[in-house]
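Summary of structural features
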Amino acid sequence: MPPPSVLEPLNGIRVIEVCNVAAGPFCALLLADMGADVIKLESPGSGDSLRAWPPHTGPAGDALSENFASLNRNKRSIALDLKNPAENARARELIAGADVLIENNRPGVMNRLGLDFEALHLLNPRLIYCSISAYGQSGPRANEGGFDVTVQAMSGIMSVTGEAGGAPVKCGVPVADFTAGLYGAMSICAQLRQVKTTGQGVHIDVPMMGTSLAIAALQTSEYFGQGRDPVKLGSAHPRNAPYQAFRAQDDYLVMAAGTQGLWEAVCKIMRSESLLRDARFATTALRASNQLALKDLIEAILQTNTASHWIGAFSQAGVPCCPINAYSAVLADPQTAAMRWVQPLQMANGHQTRTVGTPLKFNGAAPDIARRPPRLGEHNDEVLGA
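Residues numbered from 1 in each chain as written. Predicted model: local features only at pLDDT ≥ 70, side-chain atom pairs only at ≥ 80, totals over all residues. Heavy atoms only, no water.

**Brief notes about the overall build of the protein chain**
Worth spelling out the cut-off: To qualify as a helix, a DSSP run of H or I must reach at least 4 residues; to qualify as a strand, a run of E must reach at least 2; elements of each kind are numbered from the N terminus. Partly exposed describes any residue whose relative accessible area lies between the buried limit of under 20% and the exposed limit of over 50%, with all areas from a 1.4 Å probe on protein chains only and scaled to the type maximum. Note on contacts: a residue pair is in contact if any heavy atoms of the two residues lie within 4.5 Å. Here the open area of atoms and residues is found with the Shrake-Rupley method and a 1.4 Å probe, where only the protein chains shown may cover a residue. Charged residues are defined here as Lys and Arg on the positive side and Asp and Glu on the negative side; His and the ends of the chain fall outside this count. Charge coordinates come from a single atom per side chain, which is NZ of Lys, CZ of Arg, CG of Asp or CD of Glu.
Secondary structure summary: the protein chain contains 17 helices and 13 strands in total. If you line up the protein chain on its principal axes, its C-alpha atoms span 80 × 50 × 40 Å. Counting across all 386 residues of the protein chain, residues that qualify as buried make up 42%. The contacts in the protein chain between residues at least 6 apart in sequence include a share of 69% that link residues at least 24 apart. Surface exposure of the protein chain reaches about 19,300 Å², of which carbon and sulfur atoms provide 56%. Seen as two clouds, the 32 positive and the 34 negative side-chain charges of the protein chain have centres 3 Å apart.

Spelled out as structure tokens, the structure:
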């Protein structure tokens, strides 16, 4: 087992989280999983609004949100009314000794509370202050609110998601929220090194629209290079084929023959070497240009046998191919078990559940879950004193 310093590289770093729902809590979770002491500062009464999201499990009268639990392990919770001068002062005392503050409120909220970066930098010059918002801290949209679905729409993601000619759909995973959280955590870790050198804190501005746009590098470069908008292609790829979902006799599979060698292997397995002689499919670029015709020809062959047959045959030949898993299937996959991605998790009400822990390993080992998700204000006395 690697030493604790390897599994908890952020041990000794104190993070104050003033966040709700997903983007900010996920950012803080990533730091907590690496050993940071994350103190979640919540409003008395209801706390993080994610606590109200179903499913709720546990004994009658004390059911707790599994959605909340999934993003708030390894944290401590304190409840303070930041509009109350005395409790706001307690928060400022706590922040004075912290390394990082993460907030995902609408721009202006922390300023009205006297907890903006400028005020807190005077109090704690070493503080790394990370603000996550829909559009960023400046610009004409800065004061607009936003959620994952609106950011997916604004950032262009929804314009390339779904089937050609179909209604707009969002990605099924809240990619805008979690991308912003990832960018925030990465930036905080980088700035920790800088602050150690200079002693000067920094304000990190993480705009969900910007981070969602940044991960669309292939789509934006397509626009810059060709001067036209990328389009929806379902599961297909604009520059590679066969590289998508295909219908077999009984179910769909996904097959990605992204090189000439893999394409030749696919044709051999399907006993359709004639496709290799078809001028429309002679190169990767030509196959991509003619992928609608190619898809029809491939599916006509795949219809002769089951998805599991083809998955086995393609995979044995080294062609990336797999089923389209429901979450029940991927959570039960032997690779998931071998990598120990699913971890047991106890809720504060005693209910035993499971969660997906950190997928990372350090020298072959992954950090364990050190703390169960907290009840609202559970650690007031521990953190603030009686």
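**As for the packing of aromatic side chains**
Convention followed: When the centres of two rings from Phe, Tyr and Trp lie within 6.5 Å, Trp using its six-membered ring, the rings pair. Their planes under 30 degrees apart give stacked, over 60 give edge-to-face, and anything left gives tilted.
For the structure shown, the criterion picks out four aromatic pairs. An angle of 25° between the planes, with centres 5.8 Å apart, marks the rings of Trp310 and Phe314 as stacked. Residue Trp310 and its partner Phe314 are both found in helix H14 (residues 307-316); the two are separated by four residues, about one turn of the helix.

**Notes on the sheet that holds strand S10 (residues 252-256)**
To keep it simple, the criterion reads: A pair of strands is labelled paired if DSSP reports no fewer than 2 bridges between them. To obtain each axis, a line is fitted to C-alpha atoms, and for helices this fit is confined to the stretch in contact; angles are then taken between N-to-C directions over 0 to 180 degrees.
The strand order S9-S10-S11 describes an open sheet built from three strands, whose pairing is antiparallel. Of all strands in the sheet, those bounded by a partner on one side alone are strand S9 (243-247) and strand S11 (321-323). Here the average twist between neighbouring strands, direction ignored, is 25°. Of the pairings in the sheet, the one linking S9 to S10 comprises five bridges and is antiparallel in character.

**Brief notes about the state of the cysteines**
To be explicit about the condition: For the purposes of this analysis, a disulfide is any pair of cysteine sulfur atoms at a distance within 2.5 Å.
Per the counting criterion, the structure on display carries zero disulfides. Free cysteine Cys19: the closest other cysteine sulfur is in Cys27, separated by 7.3 Å. Judged by relative accessible area, which is 3%, Cys19 ranks as buried. The cysteine Cys267 is free of any disulfide, with Cys321 supplying the nearest cysteine sulfur at 14 Å.

**Comments concerning the sheet that holds strand S2 (residues 37-42)**
Strands sit in the order S5-S2-S1-S6-S7-S8 across an open sheet of six strands; the sheet is parallel. Strands with a single pairing partner mark the edges of an open sheet, and in this sheet they are strand S5 (75-79) and strand S8 (202-207). The average angle at which neighbouring strand axes cross in this sheet is 20°, direction not considered. Pairing of S2 with S5 involves five bridges; the strand directions are parallel. Of the residues in S5, the one forming a bridge with Val38 is Lys75.

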